[in-house]
Structures are given as structure tokens and as C-alpha cells.
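Overview (structure and organization)
The chain contents come next:
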Amino acid sequence: MGRGLQPGTLMYSGVGAAIGALAVLFLPQTMPGNNAPNSFGAVLKPATSVIVPDDLDISALIAASRDATAATIKTWSKEFTLRAGDTLSDLLSRAGLERPQAFQIIEAIRTITNPRRLQAGQKFTLSFVAEGDDAPQTLRGLAFELDASHTVAVDRDDTGAYAARSVLAETHDETLRFDGTIDSSLFATAQNLGVPLDVMAEMVRLYSYDVDFQRDIRPGDKFSVMFDRTVTTDGRTVRTNGIKFASMTLSGSPLKLYAFTDADGDTDFYNEKGEGVRKALMRTPINGARLTSGFGLRRHPILGYSKMHQGIDFGAATGTPILAAGDGVIEKRGPNGGYGNYIRIRHHSGYSTAYAHMSRFASGLQVGRRVKQGQVIGYVGTTGRSTGPHLHFEILRNSRQVNPLTVKMPASEKLSGKMMTAFNQSRAMIEQQFAELGAPKKFAAATISQDTVVK
Ligand SMILES: [Zn+2]
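Residue positions are given per chain, counted from 1 along the sequence in the order it is written. Only residues with pLDDT of at least 70 get local features here, since the model is predicted, and only at 80 or more are side-chain atom pairs given and counted; chain-wide, interface and lining totals rely on the full set of residues.

1. As for the overall build of the chain
Segments assigned H or I by DSSP are reported as helices when at least four residues long, segments assigned E as strands when at least two residues long, and all are numbered from the N terminus. Looking only at helices and strands, one finds eight helices and 25 strands in the chain. In this scheme every C-beta is placed from the backbone, and a residue whose C-beta has 20 or more other C-beta atoms within 10 Å is buried, one with 12 or fewer is exposed, and one in between is partly exposed. Burial status across the chain gives 27% buried among its 455 residues. C-beta atoms are first placed from the backbone for all residues, and any pair lying within 7 Å is then listed as a contact. Taking as baseline every contact in the chain between residues at least 6 positions apart, the subset at least 24 positions apart corresponds to 63%.

Structure follows, in C-alpha cells:
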């Protein structure tokens, strides 16, 4: 409703006075479905004197009246921002909507996303229509960006009900190459170049097995990175799709890493020789913890005499996840004397790792179960002989504890046979693409999706 001719609007324009009378005569018949709230009584009021010429061309006048009316229908859009502490309902009321209408709109949005999850700062474009300068405004629709690739649009249908739909932005995939020379820090240089933060974070993670980022990076060092991203037509990154190639030249020869997906479908990174960059074991199987006690002889805090500390301790809050240091098989799991709740994992090449004082174990980790590097196996606690929440971590080589901070880490397995052949082919393609991307940064823009309505 509300989009058709509305007699009330005709009174204010030049021909309007003449048509006003006609409106009374013809418009109710010629404008089916016009059930605007303005009553006819209100319409008639301004049309006090009407002169109807003798040679009146009625059909032309009706046509003219349509134009005149179209000109007086006002539509406009206005942006509203969700303020901290605001609900969507507050925003809609700020936009002048009545509660029942706001409720309808929120219910429509709920079919796409939970309105409570909308964050402060989220922008909404509301579009209104008013059929004449003094007519009340009606909300025609509302739109907001759900994320870089989805816009939620709420539209008013012919019955006056609101329905929401999620509109997928047109996107394509492209490969980007960035080359940088480090001036102050790797991150600052990357940021100046416009390398996305998650790409940099992945790069740092990949090189962290070989590079000490605190000490090894010097001004003048060079890096390159090539990665895929999905981007909207107007240039906004929807997501980055992983690094394909990276190179770091730290005072000398470049360290090159190539992404490669093996027969199991696992994507990992390899150097030119097909050796996995990921080491078999992590030295720090916990995130955001600080080393509180090193390996070696020390005065035991509880026993009071000097004792060999067979592992290293990481101070962390109770409940902090503990990660498997490498791929392996659970060898022991349960209370283990002074160790408290304890897990030991057997890895390849005679290595195993042990984790003590856990508050609890991750579920489903019976002895004999396989675990992946980085998988959560339990949570920090202070069970057993312990003065406070921490992880006691040991690396054992042929069943003897070694210093986790200095032991030479076993490399993950090298590609061989068919996999090595496949890797060499993939590496050649990556190198060719990297070379082609030399000057311009864009490559292989292919449209993968059209405007699509998803629901
Ligand atoms: Zn310890």
C-alpha cells in the first residue's frame, strides 16, 4: 500500500487544484488498491475553488496527475548507527518507528541473524517514503552489512509486511603478491604495504620454527608473500585464503616456503627440498603463558632441597588450554603421583612429551588415541605436588628427559616418492605465478559468484 496515487498530494501543485476536483470524481476508481491512511475528508478540504475549463482533456489530465503525484512522493534514506548499550529496538525508535513496526522488523531480521549479536557501531540504512510534504513517513526498507560479503535487506511487501533476505555480494578470487624491505619492524613494514594482518600472523607462525623474531630480523631484511583472497567488486576483502608462497631473506640466502596439499588433503608448508617447515614438536605447548621455571638443578619449592627439574614450567591461569606438542598417540593418561593429572604422548623417532598438574583432561582422550599437533588435550591446574596453577612440560628422548628449550627438534617427515613429484610440480606452478605477479599485484580475477540470494 501507499505507493499509488494519493489525492491529498495533488492539492499543492499548479494543476493540482484542477485535478483535485477530478480526483474526487475519478481517482477512487482509477487507483485501485489505494488505501492510504489519509481520509477523503482531509483531501477535499484545501480544494475550495475549482475551475474546470470547457475543453478539458480528461485523459491528459489524469496522466498529468500521475506525474504530479510522482513528483510529490518523497523518498529518502538515512543512516543510523547502533550506539553502545543500544538495542536494535532503541535504534528503530530513534528513527521514529512505532513499537509494533519495530517489532515486525526485528522479527524479520531474526530469520537471518540474531539481532542481539549486532555490535555497537553497526550502521543501518533506513529508507523512507512520504506521499507529500506533510504526509507521515513510512519505512520502505532497511539494510545493513552483516559482514563483508553479506548485506541484510528488509523490504516491505505489498501487504505491508516486512521480510528480510541476505544478499551475497559479488565477489571474485585473486592472488596477491607483496614484496617488502623491513625498515623498523616486520609488522610495521607489512602494514605500510597493506598486507592483511592475518596473512602476516600466519607468516610469523610459519617462520617461527626457524626464525627468532625478537633477534633475527634486521632493517634491510627482505620478505615476499603471495596469497589468495576473496574480494568484493568494490575492493573489500571478504577473507584471505591462506598463503601460497613466502620468502624471507635474513642477512643471506632466502628461506622459501611453499604451500602443498598432500594425499590426505592436509595443507602444509615445505621448503624447496620438500621438508616440512613445521617441526615435529612445539617447545611451548600453551598459548600466552610465561616460562616460570627452567630445566635443571634447582631448590624444590615444596621439598626444600635441591632437585633436578626434569621439565619446564609455564605459569598460566587454571583452565588455560594445553596443546599437544606434536602428532602422536596418548600413552598415559590419569593421576600420576606428584605430577597430578598427567598425560604422556608418544611421537615418532623415539620422542615423547609429558604434561602435568592438569585440572582436567579434554574429553575423549583415552590411552591409544591419536592426537594432532596443537590439539587441546587438557587444562592448566595445580593437581599433585604443585604450589599454584602451572603446566609442567617434559620432552623425553628414548624415555629420558631432555631440556625442551635447547633440544634439537626432530623435523617433520620429508616428502618422498609420488608426493615429492607432485610437490615439485606444484612448486613450479607457484614459482611461475609468483614471477608473473612481479609488477602488478593482481592476477587471475575470475568471477565466482553473481548476486545471489541466500537464505
Ligand atoms: Zn615443573
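2. Focus on helix α6 (residues 186-193)
Within α6 the residues assigned to the buried category are Leu-186, Thr-189 and Ala-190. Seen end-on, α6 carries its buried residues on one side only, within an arc spanning 95°. Every exposed residue of α6 that faces more than 90 degrees away from the buried side is listed here: Ala-188 and Asn-192. Check the buried side of α6 and you find it contacts β6 (171-181) and α7 (197-207). Gly-194 sits one or two residues past α6 and shows a positive phi near 95°. Arc, as used here, means the arc of the directions from the helix axis to the C-beta atoms.

3. Observations regarding the confidence of the model for the chain
What pLDDT expresses is the predictor's confidence in each residue, scored from 0 to 100. Confidence in the prediction of the chain, expressed as mean pLDDT, is 78, and 79% of residues score 70 or more. In this model residues 1-54 is a low-confidence stretch, pLDDT under 50, and it forms 69 contacts with partners more than four residues away in sequence or in other chains. Under a pLDDT of 50 for its full length, residues 440-455 has, in the predicted model, 32 contacts with residues more than four places off or in other chains.

4. A few points about the pairing of strand β7 (residues 222-232)
Pairing between β6 and β7: 11 bridges, direction antiparallel. Paired with Arg-177 across the bridge in β7 is Met-226. The pairing of β7 with strand β8 (residues 237-249) spans nine bridges and is classified as antiparallel. Bridging from a neighbouring strand, Val-225 pairs with Ala-246 of β8. Between β7 and β8, which follow one another and run antiparallel, lie four residues, and Gly-235 among them has a positive phi close to 90°. The pairing criterion for strands is at least two bridges between them, as found by DSSP.

5. Details of the sheet that holds strand β15 (residues 321-323)
Read across the open sheet, the three strands follow the order β15-β21-β19; overall the sheet is antiparallel. Taken across any chain shown, the strands that pair with only one partner, and hence form the sheet edges, are β15 and β19 (360-361). As paired elements, β15 and strand β21 (residues 376-379) share three bridges and run antiparallel to each other. The residue of β21 that forms the bridge with Pro-321 is Tyr-379.

6. Quick word on the pairing of strand β18 (residues 351-358)
Taken across its eight residues, β18 has eight buried, putting it largely inside the fold. Two strands pair when backbone bridges link them, and strand β17 (residues 341-346) and β18 are joined in this way by five bridges, in the antiparallel orientation. Residue pairing for β18: Ile-345 is matched across the bridge by Thr-353. Hairpin geometry of β17 and β18 is characterised by an intervening segment of four residues between the two adjacent antiparallel strands and by a positive phi of about 60° at Ser-349. Of the pairings in the sheet, the one linking β18 to strand β22 (residues 390-397) comprises six bridges and is antiparallel in character. Bridging across to β22, Tyr-355 finds its partner in Phe-393.

7. Here's the deal with the nonpolar core
Nonpolar cores are built from buried Ala, Val, Leu, Ile, Met, Phe, Trp, Tyr and Cys residues. These are joined into a set through C-beta atoms within 7 Å. Met-203, Val-225, Ile-243, Phe-245 and Ala-246 are the most contacted members of the largest nonpolar core, which totals 30 residues. Among the secondary structure elements, those contributing two or more residues to this core are β6, α6, α7, β7, β8, β9 (254-261), β10 (267-270) and α8 (417-436). Once residues lying within four places of it in the same chain are set aside, the contact partners of Ala-246 are Met-203, Leu-206, Ser-224, Val-225 and Leu-257. Counting residues in each nonpolar core, the second largest holds 29 residues, with Met-282, Ile-312, Tyr-355 and Ile-395 among its members.

8. Considerations on the environment of Val-225
Among the secondary structure elements, Val-225 is positioned in strand β7. According to the C-beta neighbour criterion, Val-225 is buried, with 26 such atoms within 10 Å. Expressed as a C-alpha distance, the spacing of Val-225 and Asp-179, which sit 46 residues apart in the sequence, is 6.6 Å. Once you skip the residues sitting within four places of it in the chain, Val-225 turns out to touch Phe-178, Val-195, Val-199, Met-203, Ile-243 and Ala-246.

9. As for α7
All buried positions along α7 are accounted for by Val-199, Met-200, Met-203, Leu-206 and Tyr-207. Down the axis of α7, the sector holding all buried residues measures 125°, keeping them to one side. Counted as exposed and oriented over 90 degrees from the buried face of α7: Leu-197, Ala-201 and Arg-205. Looking at the packing, one finds that the buried side of α7 touches α6, β7, β8, β9 and β10.

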